[in-house]
Amino acid sequence: MTLDYTGRRRGAYPIVLITYEIVCARGAPLTRSFLRYAAGNAGQSYLSLLGYAPMPQEVIARVRARLAAMV
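Residues numbered from 1 in each chain as written. Predicted model: local features only at pLDDT ≥ 70, side-chain atom pairs only at ≥ 80, totals over all residues. Heavy atoms only, no water.

J.: What should I look at first to understand the packing of helix α1 (residues 29–39) against helix α3 (residues 57–69) in this one?
T.: When two helices pack together, their arrangement is given by the angle between their axes and by how far apart the axes lie. Viewed as axis vectors pointing N to C, α1 and α3 meet at an angle of 150°, and their least axial separation amounts to 10 Å. By the angle between their directions, the pair α1 and α3 is classed as roughly antiparallel. With respect to the hand of their crossing, α1 and α3 are arranged in left-handed fashion. Where α1 approaches α3, its residues Arg 32, Leu 35, Arg 36 and Ala 39 are matched on the opposing element by Ile 60, Val 63, Arg 64 and Leu 67. For the contact of α1 with α3, the per-class residue count stands at five nonpolar, no polar and three charged. (Axes fitted to C-alpha atoms, helices over the stretch in contact; angles between N-to-C directions. Helix = DSSP H or I, 4+ residues; strand = E, 2+ residues; numbered from the N terminus. Parallel < 35°, antiparallel > 145°, perpendicular 65-115°, else oblique. Left-handed = near helix turned anticlockwise from the far one by under 90°. Contact = heavy atoms within 4.5 Å. Nonpolar A, V, L, I, M, F, W, Y, C, P; charged D, E, K, R; others polar.)

J.: Just to check I follow, could you spell out the environment of Val 59 for this structure?
T.: Considering the arrangement of structural elements, one finds Val 59 in helix α3. In this structure the C-alpha to C-alpha distance between Val 59 and Ala 39, which are 20 residues apart in sequence, comes to 9.0 Å.

J.: Explain the environment of Ser 33 to me, please; I cannot follow it from the model alone.
T.: Checked against the element boundaries, Ser 33 lands in helix α1. With relative accessibility at 42%, the residue Ser 33 sits in the partly exposed group. Taking C-alpha positions, Ser 33 is 9.0 Å from Leu 67, a pair spaced 34 residues apart along the chain. (Buried < 20%, exposed > 50% of the residue type's maximum accessible area, 1.4 Å probe, protein only.)

J.: Hey, could you run me through α3 in this one?
T.: Residue pairs spaced three or four apart in an α-helix point in one direction, given the helix's 3.6 residues per turn. Under the 1.5 Å per step criterion, the end-to-end length of α3 is 18 Å for 13 residues, consistent within 8% with the ideal 18 Å. Of all the positions in α3, only Val 59, Ile 60 and Leu 67 are classed as buried. For α3, the angular spread of the buried residues around the axis is 100°, confining them to a single face. Exposed side of α3, more than 90 degrees from the buried face: Gln 57, Ala 68 and Ala 69 are the residues found there. Its buried side turned inward, α3 meets α1 and α2 (41–45). (Expected span 1.5 Å × (residues − 1). Arc of directions from axis to C-beta.)

This is the structure:
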């Protein structure tokens, strides 16, 4: 996947800052739990209340797949 940091299309995901999370597959259960919440329906539903746009579905699907593959 390639992210376009300069896109100005109407309705485009307004990327201001990208955060990368590096999580060990066999450690940090609390961190993984938080990321599952943040990428879940509940976490995404609160973003607009905080002034954030939800993640694109393609990104959410990839995050959820990676988290599901962790032990």
